[in-house]
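# Notes for the structure review
Single-letter residue listing:
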Amino acid sequence: MISIFLGIDVNLLFKPIQRKWGSLFILAGGGIGYDSAGKRVEQIGDSHCGGILQAGIGLYYNLWKNWAFRVEYRYYHLSEPFRDDTGLNSHSVLLGISF
């Protein structure tokens with residue numbers, strides 16, 4: 001069975017160090033979503049409503065005008081916001097091109 005989690009979140013990105021070569025950044029955000037699991041997910045309860053918290057750090061390395069290589073570590077926490085539960089945690093390393 002495939003379970004889908006749809007939601008919306010907002011992130012704030014702060015660049016404390018900005019140089020000609022690129023910048024370092026800190027990211028934090030949160031949001032809310034709905035999962036389509038047909039049964040109880042032990043770590044996030046059974047209301048199918050989940051809260052998302054995330055934080056990360058990373059680096060933009062300028063390639064061309066308005067183009068940058070991006071590498072970032074991001075931590076995600078997903079849990080039911082209205083009940084006491086353990087939640088699910090995820091750690092990710094992301095690579096990409098920003099323009």
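Description of the structure in this document. (Residues numbered from 1 in each chain as written. Predicted model: local features only at pLDDT ≥ 70, side-chain atom pairs only at ≥ 80, totals over all residues. Heavy atoms only, no water.)

### Thoughts on the pattern of salt bridges
If you walk through the whole model with that rule in mind, you get 2 salt bridges. A salt bridge links E72 to R70; its shortest N-O distance comes to 2.9 Å. According to the relative accessible area criterion, E72 is buried, its value standing at 3%. R74 serves as the salt-bridge partner of E72, at 2.7 Å between the closest nitrogen and oxygen. Per residue, the accessibility class of E72 equals that of R74, and both read buried. (Salt bridge = Lys/Arg side-chain N within 4 Å of Asp/Glu carboxyl O. Buried < 20%, exposed > 50% of the residue type's maximum accessible area, 1.4 Å probe, protein only.)

### Things to note about the pairing of strand β2 (residues 22-35)
One ladder, built from 13 bridges, connects strand β1 (residues 5-19) with β2; its direction is antiparallel. Within β2, the residue paired with L13 across the bridge is L27. What sits between β1 and β2 in their antiparallel hairpin is a turn of 2 residues. With 13 bridges connecting them, β2 and strand β3 (residues 49-64) associate as antiparallel partners. Counted as the bridge partner of I26 is I57 from β3. (Pairing = 2+ DSSP bridges. Helix = DSSP H or I, 4+ residues; strand = E, 2+ residues; numbered from the N terminus.)

### Remarks on the sheet that holds strand β5 (residues 88-98)
Within the open sheet, the 5 strands sit side by side as β1-β2-β3-β4-β5. Their pairing is antiparallel. For this open sheet the edge positions go to β1 and β5, each flanked by a neighbour on one side alone. In this sheet, adjacent strand axes meet at a mean angle of 15° when their direction is disregarded. (Axes fitted to C-alpha atoms, helices over the stretch in contact; angles between N-to-C directions.)

Everything listed here is a matter of geometry and, on its own, says nothing about what the molecule does.
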